[in-house]
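# Coordinate analysis (summary)
So the chains spell out like this:
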Amino acid sequence: MTVTAVVGAQWGDEGKGRVVDYLAQKADMVIRFQGGDNAGHTVVNSYGLFKLHLIPSGIFNPNAQAIIGAGTVVNPGALLDEMKLVTDAGVSVDNLWIDRRAHMVLPYHRELDGLQETARGGRSIGTTKRGIGPCYADKAARHGLQIGDLQHPKWLRERLEGVVGRINFALTQYDAPPLDLEALYNQLMEWSEALSPRIIDTLPRIQDAQRWDKEILLEGQLGVMRDLDWGIYPYVTSSNPTASAACIGAGLPATALTRVIGVVKAYSTAVGAGPFPVELLDAEGEKLRDVGQEFGATTGRPRRCGWFDGVAIKYAAWLNGFTGIAVTKLDVLDDFDEIKICVCYKYGDQLVNQIPETAVLEQVEPVYETWEGWKQTTRGARKWEHLPKQARLFLHRISELAGAPIQFISVGPERDELVVR
Ligand code: GDP
Ligand code: IMO
Ligand code: MG
């Protein structure tokens, strides 16, 4: 059995969706292991262009089982909308399964996410307002509802009645109207009917895959800089996008991972608040956003853009143990005279080589090395030798900083716009 985790090595939106879509062509199973519909994973292939939020990016291979894993949080309404979008495009969802243990993001989680953000005022996190934080908080506090509860109406009703007081207390703190329990229960029953056939215990399937020596892909959401434990707290998400969490979220033993592919954009972007030392607030930043079309796949927000951050990548490499990396969006740099890489930060007169605490990270300045641009298109490159010499030198440097070999380089959004090494 090979188990490959594909994880974001920066602040999210590195191009995980397109890498998983490519690798899934040869996979037997693709499992999303954390996060919810805060994700926006873009896939461009012969079926069209998709911004997937919950459905694993392996859905396009009818021979692969696509699993929404136990570690995810699922908004049933959002999932049903997405299933319709995908089937309308001619893609079957017969191979889609949801682990019964995944927690449900309910309408009140979304509402609370928005209310909490407003209450944070000038120190808001800039969440996607998809209810992710409140849902994982309920899960940890043991007030959550698992998606498998939909298959047990009596149990579900009792659980709901058990949490309603607490939810209403939270809502009324923000002067929001209390829950309409009957309406919510009826909505849940509708979702139950629509989703029940897809809600299963996925573990026997995963164990079968192991028994028959199948290829399993684990698809991460977001990136390590927004990891709940290791990211720029509190400007983080409420789950762990790092590879170590992949086994827990998918239902595999810790020793199962055979490969970890870090997806690394050739520059940096972030959506949401928090320190981002390499951010360019000038014409170069605008150019990266313009050429890279850097707008959030979930919220449409303009992404903050900057040069490649070598300090962040070393941190990501340690935490994830990359066996290889996929460098994406190289083509976006095709028309720059000079390209920069941040190699350390400056804090006062000290040089900083590690990711410091958030209070310090907010105050550091990036220290750059400058690389010569290649000033020609790379879009047609399909082999390493096709890439301009300056681009290869730049990629070598990224590989050196990540401490891992480059296995893929993407030079356009479409599935085959890829150099495989
Ligand atoms: P994810 O969340 O990590 O899956 O990444 P997103 O889908 O949010 O963001 C990546 C964006 O870059 C999407 O719009 C992709 O279509 C696009 N993209 C991916 N790879 C490339 C590439 O090599 N070149 C260009 N120009 N665009 C790419
Ligand atoms: P993919 O999987 C980029 C960011 C939000 C905010 C922080 C917390 O497409 O890479 P949350 O809604 O999770 O509570 O927000 O995390 N964020 C993302 N940024 N890509 C994503 O997903 C993101 N999911 C959440 O902007 O800063
Ligand atoms: Mg995204």
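Residues numbered from 1 in each chain as written. Chains lettered and ligands numbered in written order. Predicted model: local features only at pLDDT ≥ 70, side-chain atom pairs only at ≥ 80, totals over all residues. Heavy atoms only, no water.

## Things to note about the packing of helix α5 (residues 153-173) against helix α6 (residues 181-195)
Put simply, α5 and α6 touch, their axes get as near as 11 Å, and they point 145 degrees apart. For the pair α5 and α6, the crossing hand works out as right-handed. Listed contacts from α6 to Pro153, Leu156, Arg157, Leu160, Glu161 and Val164 of α5 are Leu181, Glu182, Leu184, Tyr185, Leu188 and Met189. Among the residues making up the contact of α5 with α6, the classes are represented as nine nonpolar, no polar and three charged. (Axes fitted to C-alpha atoms, helices over the stretch in contact; angles between N-to-C directions. Helix = DSSP H or I, 4+ residues; strand = E, 2+ residues; numbered from the N terminus. Left-handed = near helix turned anticlockwise from the far one by under 90°. Contact = heavy atoms within 4.5 Å. Nonpolar A, V, L, I, M, F, W, Y, C, P; charged D, E, K, R; others polar.)

## A look at α5
Taking 1.5 Å per residue as the helical rise, α5 with its 21 residues ought to reach 30 Å, and the 30 Å between its terminal C-alpha atoms agrees with that figure. Of all bends in α5, the biggest is about 35 degrees, found at Val164. Every buried residue of α5 is accounted for by Leu156, Leu160, Val163, Val164, Ile167, Asn168 and Leu171. If you follow the buried residues of α5, they end up packed against β8 (103-104), α3 (107-120), α4 (132-141) and α6. A positive backbone phi angle near 60 degrees is found at Asp175, which sits one or two residues after α5. (Expected span 1.5 Å × (residues − 1). Bend = angle between axes of the 7 residues up to and from the residue. Buried < 20%, exposed > 50% of the residue type's maximum accessible area, 1.4 Å probe, protein only.)

## Description of the coordination of the magnesium ion (ligand 3)
Protein ligation of the magnesium ion (ligand 3) involves Asp13 (OD) and Gly40 (O), the donor distances falling in the range 2.0 to 2.2 Å. With a gap of 27 residues between them, Asp13 in the loop between β1 (2-8) and α1 (16-23) and Gly40 in the loop between β2 (29-32) and β3 (41-45) connect regions that are remote in the sequence. Residue Gly40 is classed as buried on the basis of its relative accessible area of 11%. (Donors = N, O, S within 2.8 Å, 3.2 Å for Na, K, Ca; no water.)

## Topic: the domain arrangement of the protein chain
Under the domain assignment used here, the protein chain contains domain 1 (3-99 + 198-261), domain 2 (103-196) and domain 3 (265-420). The centre of domain 1, based on its C-alpha atoms, is set 23 Å off from the matching centre of domain 2. Listed by partner, the interface residues are 27 residues for domain 1 and 22 residues for domain 2. Counting each side, the surface lost to burial between domain 1 and domain 2 is near 2000 Å², with a carbon and sulfur contribution of 62%. Counting the contacts that link domain 1 with domain 2 gives one salt bridge. The salt bridge partner of Arg110 is Asp37, with a shortest N-O separation of 3.1 Å. Contributions of two or more residues to the side of domain 1 that touches domain 2 are made by β6 (73-74), α2 (76-88) and β7 (96-99). Residue contributions to the side of domain 1 that touches domain 2 peak at six residues, all from α2. Along the lines of polarity and charge, the residues of the side of domain 1 that touches domain 2 split into 13 nonpolar, eleven polar and three charged. (Domains from an automatic or database assignment. Buried area = accessible area lost by both parts, 1.4 Å probe. Salt bridge = Lys/Arg side-chain N within 4 Å of Asp/Glu carboxyl O.)

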